[in-house]
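# Coordinates in review
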Amino acid sequence: MALVLHPNVWSAHGAWQIRVMQRSAVEAGLIVVDPTDGWQQALVASDLVIGDHGSVTLYGAATGHPVLLGAFGSESVPGTAGQALRTAAGWLDDDGAPLRPRLETALSAHGDHPDRFTEVTARAFVEPGMALPRLRELAYDLLRLPQPRHMPVRGAQGPRGPRAFPLPPSQHAARARSFLVHTTVVRDDGVRGAGVRDDATAMGELHVHVSRLPAGLAAEPVEEGTSFWHLACDIDEPDTRLTESASVVSAGSGVFAPGAAAEGVARLLADFPGARIAAVSREADCLVGLRDGRTVRVAAADAPGPGPQDAPHAPGTPPVPPAPDAPHIPAASPAPDSLAPVDPGLAAAVVYACLRAGIPPHGTTHGFTLVLHLGPHRGRRLELRPGDAGRQPRASRSRTVAARGLPPSS
């Protein structure tokens, strides 16, 4: 999702204030486009435009994009292209209804009527490609001066052809560090995975569906049946309200040596007393630890998992879709290579889902495999085995405050 603000908004509030106000959204995947460079490319690349009576919305309609209006100013002049757009475009009302279905409906409706903005375009643009010679001719006319003979008059042989815009300058990509994670466990026979105690593979292969929403923007979750939610935070999360409430913490910015991973997990659980699960990365796998001292090794298995269309789901229910409005976050996506390291946050989510479903991820000597499905991506087969012997952490106030850079008296 890209945000194109009017230059007057940048002038009135200042670039610093705008970036502060949009910080949570940017971490969730929003691209704030520079008002002087990049909006054309963003418009051309977009699938749908949501706007007001401004020119960018009009250009979106003229280039054949689906358009929804979120607002419309009273200064629109009757009989103009802007006023025609108000009648032709659909509206995005703030009625609290889910956003994703309305966007999909707008895309579908535009496909059925691709010429709905023909009148708008005809009113907005006359003699495309001839604006420069016409304006130059008018300007010299008003000045009562002849046009310079050496100045080439573009368009004499016809309108100017289309031009390709250069790629906009790259921006530093912020990433979300805290997520509300939704997990569902399903078996190959379509039965939601609950009630298995001893043999995790006795009733067919497990499939764990995971979707993640940035915690700063997500609504309060409601659990239904065997679908579970939990708050997961990376240790780099600056908002202590989230880290102190998280059920799962992970260290995604470093790789632990095999012999130090168990100590690293114990240290995380000691530094974050509210967490029930902690996860760290190693060279070839992840180590997930529980507060009672047990650990689980989560690694990519040899064979790639099935695609989204092959994923089983419970009888009478559709396959688990991606979470509504969930932004695409590259760091959270499964790697194409089935042997690539597993993200520690996803490894912890799998262990959490198994525990909530009554499947002990550490209860078998030889371990077991399951298939992880993250949104629409192809399933990835993971192997869970009992991990290194850990120790039960003790919550330490001094270590907790030190980890957050606070004095011991805080």
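Going by the structure above, here's the rest.
The structure contained in this document is the topic of the report that follows. In this text the structure is predicted, and so the values were computed from the model without any measurement.

## Some points on the overall build of the chain
Along the backbone of the chain there are 13 helices and 14 strands. The buried share of the chain, taken over its 410 residues, is 37%. Taking the intrachain contacts of the chain between residues at least 6 apart in sequence as the baseline, contacts between residues at least 24 apart amount to 63%. Here the chain has roughly 22600 Å² of accessible surface; of this, 56% comes from carbon and sulfur atoms.

## Overview of the nonpolar core
Within the largest apolar cluster, 36 residues are counted, with the highest numbers of intra-cluster contacts made by Leu370 and Leu384. It is helix α12 (residues 344–356) that provides the largest number of residues to this core, a total of nine residues. Not counting residues up to four positions away in its chain, the partners in contact with Leu370 are Glu205, Leu206, Val208, Val350, Cys354, Arg380, Arg381, Leu382 and Leu384. Among the nonpolar cores identified, the runner-up in size contains 18 residues, and Leu180, Leu268, Ala275 and Val280 belong to it.

## As for the sheet that holds strand β3 (residues 49–51)
Read across the sheet, three strands follow the order β3-β4-β5 without closing on themselves; strand pairing throughout is parallel. The open sheet is flanked by β3 and β5 (90–91), the only strands paired with a single partner. Docked against the sheet, helix α5 (residues 55–62) engages β3 and β4 (67–69), running at close to 150° with respect to β4.

## Here we look at unusual backbone geometry
Despite not being glycine, Arg144 has its phi angle at roughly 60°, a positive value. Note on placement: Arg144 falls in the loop between α9 (131–143) and β6 (178–187). Assessed through its relative accessible area of 77%, Arg144 is described here as exposed.

## Some details on the pairing of strand β10 (residues 277–281)
Of all five residues in β10, five are buried; the element is thus mostly enclosed. A two-sided burial pattern is seen for β10, the buried positions comprising Ile277, Ala279 and Ser281 on one face and Ala278 and Val280 on the other. Sheet topology places strand β9 (residues 248–255) next to β10; five bridges connect them, and they run parallel. From the neighbouring strand, Val255 faces β10, where its bridge partner is Ser281. The pairing of β10 with strand β11 (residues 286–290) spans five bridges and is classified as antiparallel.

## Things to note about the pattern of salt bridges
In the structure shown here, the tally under the stated rule is 13 salt bridges. One salt bridge connects Glu104 with Arg100, and the closest N-O pair in it is separated by 3.4 Å. Here Arg100 and Glu104 lie together in helix α7 (residues 99–112), a separation of four residues that amounts to about one turn. Relative accessible area serves as the criterion here: at 34%, Arg100 is assigned to the partly exposed category. Arg282 is paired through a salt bridge with Asp285; the nearest N and O atoms lie 2.8 Å apart. For Arg282, a relative accessible area of 9% translates into the label buried. Exposure remark for Asp285: the relative accessible area of 7% places this residue in the buried category.

## Examining the packing of aromatic side chains
In total, this model carries two aromatic pairs according to the counting rule given. Centroid distance Trp39 to Tyr59: 5.8 Å. Interplanar angle 15°. Geometry classified as stacked. Of this pair, Trp39 sits in helix α4 (residues 39–45) while Tyr59 sits in helix α5, placing them 20 residues apart in sequence. Accessibility expressed as a relative area gives 30% for Tyr59, which makes it partly exposed. Over the ring of Phe179 we find Arg212; its NZ or CZ atom is 4.6 Å from the centre of that ring.

## Things to note about the sheet that holds β6
Taken in spatial order, the nine strands close into a barrel running β6-β7-β13-β14-β12-β11-β10-β9-β8, and their pairing is mixed. Neighbour-to-neighbour, the strand axes of the sheet open up by a mean angle of 30°, direction not taken into account. Sheet topology places strand β7 (residues 206–214) next to strand β13 (residues 368–374); five bridges connect them, and they run parallel. Paired with Val208 across the bridge in β13 is Leu372. Seen against the sheet, helix α11 (residues 261–271) touches β9, β10 and β11 and runs at an angle of roughly 140° to β10. Across the sheet, α12 touches β6, β7, β8 (227–234), β9, β10, β11, β12 (295–300), β13 and β14 (380–386), and the angle it forms with β10 is around 145°.

Reading the values: rules and limits
- Residues numbered from 1 in each chain as written.
- Predicted model: local features only at pLDDT ≥ 70, side-chain atom pairs only at ≥ 80, totals over all residues.
- Heavy atoms only, no water.
- Helix = DSSP H or I, 4+ residues; strand = E, 2+ residues; numbered from the N terminus.
- Buried < 20%, exposed > 50% of the residue type's maximum accessible area, 1.4 Å probe, protein only.
- Contact = heavy atoms within 4.5 Å.
- Areas by Shrake-Rupley, 256 points an atom, 1.4 Å probe, with all protein chains shown as cover.
- Core = buried A, V, L, I, M, F, W, Y, C linked by side-chain atoms within 4.5 Å.
- Pairing = 2+ DSSP bridges.
- Axes fitted to C-alpha atoms, helices over the stretch in contact; angles between N-to-C directions.
- Salt bridge = Lys/Arg side-chain N within 4 Å of Asp/Glu carboxyl O.
- Phe/Tyr/Trp six-rings, centres within 6.5 Å; stacked < 30°, edge-to-face > 60°.
- Lys NZ or Arg CZ within 6 Å of the ring centre and 35° of its normal.

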